[in-house]
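# Examining the three-dimensional arrangement
Listed below, chain by chain, are the residues.
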Amino acid sequence: PRSTLFPYTTLFRSDAGEVLGLVLVFHDVTEQRRVAGEMNYRATHDALTGLVNRQEFESRLRVLLQNARDERSEHALLYLDLDQFKLVNDVCGHGIGDQLLQQVAKLFSEAVRARDTLARLGGDEFAIILEHCPMAHAERIAGQICERIGHFRFNHDGHSFRIGVSIGLVPIIQRWSSVAACMRAA
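Figured I'd write up the structure that's included with this text. (Residues numbered from 1 in each chain as written. Predicted model: local features only at pLDDT ≥ 70, side-chain atom pairs only at ≥ 80, totals over all residues. Heavy atoms only, no water.)

## Focus: the overall build of the protein chain
Helix and strand counts for the protein chain come out as 6 helices and 8 strands. Each helix (α) and strand (β) of the protein chain, taken in turn from the N terminus, gives the series β-β-α-α-β-α-α-β-β-α-β-β-β-α. Taken against the 2.2 N^0.38 rule, which gives 16 Å for 186 residues, the C-alpha radius of gyration of the protein chain at 24 Å runs more than 25% over that of a compact globule. Every one of the 186 residues in the protein chain was classed for burial, and the buried ones make up 39%. The contacts of the protein chain with a sequence gap of at least 6 include a subset with a gap of at least 24, amounting to 61%. Roughly 11000 Å² of accessible area belongs to the protein chain as shown, and the carbon and sulfur atoms make up 51% of that amount. Charged side chains in the protein chain number 21 positive and 23 negative. The centres of these two groups are separated by 4 Å. (Helix = DSSP H or I, 4+ residues; strand = E, 2+ residues; numbered from the N terminus. Rg over C-alpha atoms; globule rule 2.2 N^0.38 Å. Buried < 20%, exposed > 50% of the residue type's maximum accessible area, 1.4 Å probe, protein only. Contact = heavy atoms within 4.5 Å. Areas by Shrake-Rupley, 256 points an atom, 1.4 Å probe, with all protein chains shown as cover. Lys, Arg positive; Asp, Glu negative; His and termini not counted. Charge placed at Lys NZ, Arg CZ, Asp CG, Glu CD.)

Below, the structure written as structure tokens:
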């Protein structure tokens, strides 16, 4: 990364106001900016999957709800809950369950567009915001996700696990009074 130098300038003047001298001090803030960026990423992303976390997801959903009110635009919210995840966790342990969550997060990310928001809300719950997406298209995406999960097998220590996904789907439109109401509906 390129260094970022932040200059500090001090002028020395005589009693008559003439410039007698100048001191320039440059301070390299590259590391400070890197750390600030890393802290921001950690505050907005899930540590296990690298996906957006619940707080950031709800913030983005709030913006789109306002957008839907102001511009009457339509977006879609998918709320995803893994089926049979508890079985993998119970049989194989939480560390292996974490590996399953990472693989499922990758599978979900392959099913959405770059402009969409995919988040891990916690445990085995995920959510997706499909921006500028009519419901018919959102239904197709939900169907594709179900199909992908249907073909997915999680293998560990000679065991093959089949999981499922339950998906709630609602339009993000002006009728929702709050993020919580929209999430409950999904």
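## As for a nonpolar patch on the surface
Taken together, the side chains of Tyr 8, Phe 12, Leu 20, Val 23 and Val 25 present a nonpolar region at the surface, about 480 Å² in accessible area. For the nonpolar patch, the elements supplying multiple residues, two or more each, are β1 (5–13) and β2 (19–28). Counting residues per element, the nonpolar patch draws most heavily on β2, at 3 residues. (Patch = residues over 30% accessible without salt bridge, like charges linked within 9 Å, V, L, I, M, F, W, Y side chains within 5 Å. Salt bridge = Lys/Arg side-chain N within 4 Å of Asp/Glu carboxyl O.)

## Remarks on the sheet that holds strand β8 (residues 164–172)
Here 4 strands make up an open sheet; going across it, the order is β4-β5-β3-β8 and the pairing antiparallel. Looking at which strands have only one partner, the edges of the open sheet turn out to be β4 (117–122) and β8. With strand direction ignored, the average angle separating the axes of adjacent strands in the sheet is 20°. With 6 bridges connecting them, strand β3 (residues 75–83) and strand β5 (residues 125–130) associate as antiparallel partners. Within β5, the residue paired with Ala 76 across the bridge is Leu 130. Docked against the sheet, helix α2 (residues 54–71) engages β3, β4, β5 and β8, running at close to 30° with respect to β5. (Pairing = 2+ DSSP bridges. Axes fitted to C-alpha atoms, helices over the stretch in contact; angles between N-to-C directions.)

## Digging into the nonpolar core
One finds Leu 82, Val 104, Phe 108, Phe 126, Leu 130 and Ile 145 to be the most contacted residues of the largest nonpolar core, which totals 33 residues. Not counting the four nearest positions on each side in its chain, Leu 130 is found in contact with His 75, Ala 76, Leu 78, Val 112, Arg 113, Asp 116, Ala 138 and Ile 141. One finds Leu 121, Ile 129, Ile 173 and Cys 182 within the second-largest nonpolar core, a separate group that totals 20 residues. (Core = buried A, V, L, I, M, F, W, Y, C linked by side-chain atoms within 4.5 Å.)

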